[in-house]
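# Observations on the three-dimensional arrangement
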Amino acid sequence: MNLTLSDILAAQKTIAGKVVRTPLLPSRHLSAVTGAPFFLKMETMQPTGAFKLRGATNAAQNVPEGTHTLTCCSTGNHGRGVAYAARNLGLKAVICMSSLVPQTKIDGIKALGAEARIVGSSQDDALAECLALAQEDGIAEISPFDDPFVIAGQGTVGLEILEEVPDLKTLLVPLSGGGLAAGVALAAKTITPSIRLIGLTMDRGAAMKASIDAGHPVEVPEVASLADSLGGGIGLTNKLSFRMCRDLLDDVVLVTEEEIYRAMQVLYYEDSHVAEGACVVGIAACLSGKLTGLTGPVATIITGRNVDMDQFTRVVTGQDIKLGDYHLKGAAYGA
Ligand SMILES: *Cc1c(COP(=O)(O)O)cnc(C)c1O
């Protein structure tokens, strides 16, 4: 199947009033650093703290008649979106997650009345569990990224950005399973074909990048990262998001944990935003000079705020961080 702009426009109608139309804020600091007008799309302001509420809401509104329970696998934010959408529709929700998911995200899901099921140590283990559950009558599975309604819902982020800055030249999109990048790229490139779309992710476990390079979906080992929301594979049987990201993204750029750490400090100290490591990959690439020939206006999506506060505090106070067996050497901001 092929999604078009009309699917994203339909999603915009479906989710209106159920999700927040988030502000697009100019960043004085990042404009000065990059020499281009630089905007931040604040998806941190969704009631669930992340953009994933858009796709989850659109998909939940479109499940088959007779569905009583929604299930999904998640690195945390999609699960919270599905739990929120289920509660609004009077449905049950079972969210399957691996042991890599931070406790704060699990707590957020339970607080919405959903069941949080922790299975295995990777996103693949969580996916297997929810697919098994979805065999039962009345239980609908909502993929975090490889679902047409989810992709169309995430695409509304792109619509809103271009409604506000119609002459946007470059859009930096955090990339994991590619639901966000696929939807946003489809919206942006249909409206403005000349726009440059860059996907960004961490260099440790970059499944979409490895898959695009290989020409087909491949698996990469999943490890702990400051950008925990970008962890997990794209699914070996990926139907939509792989093809769309491969065809619509102009480039995929990888950043290191050290660059993510630094960018979290910059966003906090210069723009006063609390955001997950996953959100700052675009900023990290700009700061480290990995994006050359950047033409403005530029926008990036600050995708979520559901950080582990202990870890966040360590980052902004310049302390070392342990990520599994990786030791990240800290440094105070401005040092
Ligand atoms: C899920 C997520 C992403 C990546 O979105 P995909 O559609 O999986 O590429 C980025 N940032 C945050 C905060 C997320 O929760």
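Residues numbered from 1 in each chain as written. Predicted model: local features only at pLDDT ≥ 70, side-chain atom pairs only at ≥ 80, totals over all residues. Heavy atoms only, no water.

Attention now goes to the overall build of the chain. Across its full length, the chain carries 13 helices and 12 strands. In terms of overall size, the chain behaves like a compact globule, its C-alpha atoms giving a radius of gyration of 18 Å where 335 residues would be expected to give roughly 20 Å. Taking the principal axes of its C-alpha atoms as reference, the chain extends roughly 55 × 45 × 40 Å. Counting only residues that meet the buried cut, the chain has 58% of its 335 residues in that class. Considering only residue pairs separated by 6 or more positions, the chain has 73% of its internal contacts joining residues 24 or more positions apart. Summed over its atoms, the accessible surface of the chain is roughly 12,800 Å², and 52% of this surface lies on carbon and sulfur atoms. Averaging the positions of the 27 positive and the 35 negative side-chain charges in the chain gives two centres separated by 4 Å. (Helix = DSSP H or I, 4+ residues; strand = E, 2+ residues; numbered from the N terminus. Rg over C-alpha atoms; globule rule 2.2 N^0.38 Å. Buried < 20%, exposed > 50% of the residue type's maximum accessible area, 1.4 Å probe, protein only. Contact = heavy atoms within 4.5 Å. Areas by Shrake-Rupley, 256 points an atom, 1.4 Å probe, with all protein chains shown as cover. Lys, Arg positive; Asp, Glu negative; His and termini not counted. Charge placed at Lys NZ, Arg CZ, Asp CG, Glu CD.)

The immediate surroundings of the ligand are formed by 15 residues, with Lys52, Asn77, Ser176, Gly178 and Thr303 found nearest. Take Gly177: an N or O atom from its main chain is 3.0 Å from an oxygen atom of the ligand. One of the backbone N or O atoms of Gly178 is found 2.8 Å from an oxygen atom in the ligand. About the coverage of the ligand: the protein hides 98% of its 380 Å² of free accessible area. Taking a 2 Å distance to the grid points as the criterion, the majority of the atoms of the ligand fall inside the largest cavity. Its residues placed into classes, the shell around the ligand shows 5 nonpolar, 8 polar and 2 charged. (Near = heavy atom within 4 Å. Polar contact = N/O pair within 3.5 Å; in protein donor to acceptor, adjacent residues only side chain to side chain. 1 Å grid on protein atoms, 1.4 Å probe; cavity = no way out; pocket = protein on both sides within 12 Å on 5 of 7 lines; lining within 4 Å. Sits in = over half its atoms within 2 Å of the grid points. Nonpolar A, V, L, I, M, F, W, Y, C, P; charged D, E, K, R; others polar.)

Once that is clear, we can look at the layout of surface pockets. The computed volume of the largest pocket comes to approximately 540 Å³. Lining the largest pocket are 28 residues, and of these Leu127, Glu141, Ser143, Asp146 and Lys239 sit closest to its centre. For the lining of the largest pocket, the secondary-structure elements that each account for two or more residues are helix H6 (123-133), strand E6 (139-141) and helix H7 (148-164). Per-element tally for the lining of the largest pocket: the top contributor is H6, with 4 residues. Taken together, the residues that form the lining of the largest pocket break down as 15 nonpolar, 7 polar and 6 charged. A domain-level breakdown of the lining of the largest pocket finds at least three residues from each of domain 1 (5-51 + 148-328) and domain 2 (52-141). The calculated volume of the second largest pocket comes to roughly 270 Å³. Leu100, Val101, Pro102, Ser225 and Asp228 are the residues nearest the centre of the second largest pocket, which is lined by 16 residues in total. (Points joined across faces, edges and corners; volume = space filled by probe spheres on them. Domains from an automatic or database assignment.)

Moving on: the pattern of salt bridges. A complete count under the given rule lists 16 salt bridges for this structure. Residue Arg21 is joined to Glu164 by a salt bridge in which the shortest nitrogen-to-oxygen separation is 3.0 Å. Taken together, the residues Arg21 in the loop between helix H1 (5-15) and strand E1 (24-26) and Glu164 in helix H7 connect sequence positions 143 residues apart. When its relative accessible area of 38% is taken as the criterion, Glu164 is described as partly exposed. Across the salt bridge formed by Glu160 and Arg54, the nearest N and O atoms sit 2.9 Å from each other. Linking Glu160 in helix H7 with Arg54 in helix H3 (residues 52-60), this pair joins segments that are 106 residues apart in sequence. (Salt bridge = Lys/Arg side-chain N within 4 Å of Asp/Glu carboxyl O.)

On the secondary structure map, Thr156 appears in helix H7. With a relative accessible area of 1%, Thr156 lands in the buried category. For the pair formed by Thr156 and Gln135, sequence separation is 21 residues and the distance between their alpha carbons is 30 Å. The residues touching Thr156, leaving out its near neighbours within four places in the chain, are Ile8, Ala11, Gln12, Ile15 and Arg54. Polar contacts involving the side chain of Thr156 include one to the main-chain carbonyl oxygen of Gly153, which spans 2.6 Å.

A word on empty space enclosed by the protein. Taken as a whole and assessed by the stated rule, the structure comprises 4 cavities of 30 Å³ or more. There is about 280 Å³ of room inside the largest cavity. As for the largest cavity, its lining consists of 28 residues, and the residues nearest its centre are Phe51, Lys52, Ser176, Gly177 and Ser229. Listing elements by their share of the lining of the largest cavity, those giving two or more residues are helix H4 (77-89) and helix H8 (179-191). Per element, the largest residue contribution to the lining of the largest cavity is 3 residues, and it comes from H8. Classifying every residue of the lining of the largest cavity gives 10 nonpolar, 16 polar and 2 charged. If you count residues domain by domain, the lining of the largest cavity takes at least three from each of domain 1 (5-51 + 148-328) and domain 2 (52-141). Considering only enclosed or pocket space, the second largest cavity measures out at about 50 Å³ in volume. Taken together, Met202, Arg204, Gly205, Val220, Pro221, Glu222, Val223, Gly231, Gly232 and Gly233 make up the lining of the second largest cavity.

Those residues carrying the UniProt feature "domain: Tryptophan synthase beta chain-like PALP" (unreviewed entry) are residues 19-304 in this numbering. Between the C-alpha atoms that bound residues 19-304 there is a distance of 14 Å. The span itself is 41% helix and 17% strand. (UniProt positions renumbered as here; feature names shortened; annotations may be inferred.)

With mixed pairing, the 6 strands of this open sheet are ordered in space as E1-E2-E10-E7-E8-E9. The sheet is open, and its two edges are formed by E1 and strand E9 (251-255), each paired on a single side. The mean angle between the axes of side-by-side strands here comes to 25°, regardless of whether they run parallel or antiparallel. In the packing of helix H11 (residues 257-271) onto the sheet, contacts are made with strand E2 (38-42), strand E8 (196-202), E9 and strand E10 (298-302), and the angle to E9 comes to roughly 90°. (Pairing = 2+ DSSP bridges. Axes fitted to C-alpha atoms, helices over the stretch in contact; angles between N-to-C directions.)

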